[in-house]
Amino acid sequence: MDQERTLKNLLEKKTLKWIFVGGKGGVGKTTTSSSLATLLAQNGVKVLIISTDPAHNLCDCFDQKFSGKEPTPVAGIENLWGMEIDPTIDPNSLNFPDFEGFETDQSTKNFLSEIISQVPGIDEAMSFSALIKSLDKYNFDVVVFDTAPTGHTLRLLNFPNLLEKGIEKIIALKNKFQGILSSIAGQQNFDKLFGDLEEKKKTVQLVVNQMKDPNRTTFVAVCIPEFLSMYETDRLVYELAKYEIDIQNIVINQVLYPNETCKMCRSRAKMQKKYMDQILELYEDLHVVIVPLQESEVRGVENLKKFCQLLLTQQEIPKIPE
Ligand SMILES: Nc1ncnc2c1ncn2[C@@H]1O[C@H](COP(=O)(O)OP(=O)(O)OP(=O)(O)O)[C@@H](O)[C@H]1O
Ligand SMILES: [Mg+2]
Ligand SMILES: [Zn+2]
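Predicted model, so just to flag it, every value in this text is computed and none were measured. Each residue is numbered by its place in its chain's sequence as written, counting from 1. A letter from A marks each chain and a number from 1 marks each ligand, given out in the order of writing. Since the coordinates come from a predicted model, pLDDT governs what is reported: local features require at least 70, and pairs of side-chain atoms require 80 or more to be given and counted, while whole-chain, interface and lining totals use all residues. With hydrogens and water excluded, all non-hydrogen atoms of the structure serve as input to the side-chain values.

Draft legend 1. Structural context of the pattern of salt bridges. When a carboxyl oxygen of Asp or Glu lies within 4 Å of a side-chain nitrogen of Lys or Arg, that pair is called a salt bridge. According to the stated counting rule, one finds seven salt bridges in the structure shown. Of the charged contacts in the structure, one is a salt bridge between Asp213 and Arg216, with a shortest N-O distance of 2.8 Å. Classification of Arg216 by relative accessible area gives partly exposed; the value is 29%. Buried, partly exposed and exposed residues are distinguished by accessible area as a fraction of the type maximum, computed with a 1.4 Å probe on protein chains only: under 20%, between the cut-offs, and over 50%, respectively.

Draft legend 2. The arrangement of unusual backbone geometry in detail. The phi dihedral of Asp63 falls on the positive side, at around 60°, and the residue is not glycine. Note on Asp63: relative accessible area 57%, which makes it exposed. At Glu244, a residue that is not glycine, the phi angle is positive and equals roughly 60°. The secondary structure listing takes helices from DSSP runs of H or I that are at least 4 residues long and strands from runs of E that are at least 2 residues long, numbered from the N terminus. Tracing the chain through its elements places Glu244 in the loop between α10 (227-242) and β7 (247-255).

Draft legend 3. Structural context of the side chain of Asn253. Within the secondary structure layout, Asn253 lies in strand β7. Given a relative accessible area of 5%, Asn253 falls into the buried group. Whether two residues are in contact is decided by their heavy atoms: any pair within 4.5 Å suffices. When residues no more than four places from it in sequence are discounted, the contact partners of Asn253 are Val27, Gly28, Val222, Cys223, Ile224, Pro225, Val291 and Phe307.

Draft legend 4. Molecular detail of the site of ligand 1. When at least one non-hydrogen atom of a residue lies within 4 Å of a molecule or strand, that residue is treated as near it. Around ligand 1 there are 18 residues in total, and Lys29, Thr30, Thr31, Gln294 and Val298 lie nearest to it. We get accessible surface area from the Shrake-Rupley algorithm with a probe of 1.4 Å; when it comes to residues, only the shown protein chains can shield them. Contact with the protein chains removes 81% of the 630 Å² of surface that ligand 1 exposes when unbound. Tallying contributions element by element places helix α2 (residues 29-42) first for the shell around ligand 1, with three residues. Following the grouping adopted for this structure description, the nonpolar residues are Ala, Val, Leu, Ile, Met, Phe, Trp, Tyr, Cys and Pro, the charged ones are Asp, Glu, Lys and Arg, and the polar ones are all others, Gly among them. Split into classes, the residues belonging to the shell around ligand 1 amount to five nonpolar, nine polar and four charged.

Draft legend 5. The arrangement of the UniProt feature "binding site: Zn(2+)" (unreviewed entry) in the chain in detail. Per the UniProt record, "binding site: Zn(2+)" (unreviewed entry) is annotated on Cys262 and Cys265. With respect to the helices and strands, the residue Cys262 is situated in the loop between β7 and α11 (263-282). Assessed through its relative accessible area of 29%, Cys262 is described here as partly exposed. Along the chain, Cys265 turns up in helix α11. Taking the relative accessible area as the measure of exposure, Cys265 reaches 26% and is therefore partly exposed. Ignoring anything within four residues of it in the chain, the contact list for Cys265 reads Leu256 and Pro258. UniProt positions are given in the numbering used here, feature names are shortened, and annotations may be inferred rather than shown by experiment.

Draft legend 6. Representation of the side chain of Thr31 within the structure. Within the secondary structure, Thr31 sits in helix α2. Relative accessible area serves as the criterion here: at 17%, Thr31 is assigned to the buried category. Not counting the four nearest positions on each side in its chain, Thr31 is found in contact with Cys61, Val298, Leu304 and Phe307.

Draft legend 7. Structural context of the packing of aromatic side chains. Think of it this way: a Phe, Tyr or Trp ring, Trp meaning its six-membered ring, pairs with another when their centres are within 6.5 Å, and the plane angle makes it stacked under 30 degrees, edge-to-face over 60, tilted otherwise. Under the criterion given, the structure shown has seven aromatic pairs. Between Trp18 and Phe145 the ring centres are 6.3 Å apart and the planes differ by 90°, which places this aromatic pair in the edge-to-face class. Separated by 127 residues along the polypeptide, Trp18 in strand β1 (residues 18-23) and Phe145 in strand β5 (residues 142-146) bring together distant segments of the chain. Of the two residues, Trp18 and Phe145, both sit in the buried class. Through a chain of ring-to-ring contacts, three or more aromatic side chains come together here, namely Trp18, Phe20 and Phe145.

See below:
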């Protein structure tokens, strides 16, 4: 079945809450996610775009500064907010479960970091889940995630699973060491620390469910038609399936439309076409969006708004002049 080669399906699916945009470094993740966020906002949806890439470049794309603490309105685009966060944190600064105002003594702290170290990645997962929770109060309709290059993003997507695993581990330890722990931490602290674990587990379960629900969460893979990027896209699609995360769209960015006169463009386009044909064939069930290489970089709101239109119009597959 031939799918329309645009991002329109994402605008039409009104149930979506989280859209993750990812791919290899430099392929156009920020440009694509910012454009998609802009399109949604123009449709009257209240949108937040979050960059989870420590090397942020939302600011370059929108040509404005963003805070890491709270959503900042994007100048020139109604209904759109932006935020740049740092998803890596210091594990020593954690309290698990994250009770505010809870004073832990050193031995309890040691115990907690011991548990945390038993589930690799749990620290990141916890800080990310705290971030997600902190967004509740703003009531965004959709959150678009501009993610870091693939490896990091896969860790991020695994965060609900990790949390689930972490909590189960803690519940098991709690049951095993109940007596010793309560005497170390004091019964009152013990209850505070471990009392509502089952409750926490339910909250995590809700996040897991949202992540795995194709009506609420989807992933957009961005690539360029070159070997390494193709290879990463395959890996991404494979891992997403493993995590049971939906994907409906692949953006092939920076596609050349050569003319007869330029030998360089013609030969690069030939190379691109080979990979493009592979993707179109392999992912015929998905919306594979072809985006032409532009003459200049995409910076600032006005350029971004023009770029948006490319994602909504089905582009021809380039023909290579002989
Ligand atoms: N189709 C295109 N035509 C021309 N320039 C483009 C196109 N898509 C993206 N660019 C430009 O390419 C550069 C990289 O794009 P972008 O920042 O979106 O990539 P990224 O995947 O987010 O990179 P990083 O991995 O560094 O975050 C930017 O300067 C952007 O303006
Ligand atoms: Mg980027
Ligand atoms: Zn040329």
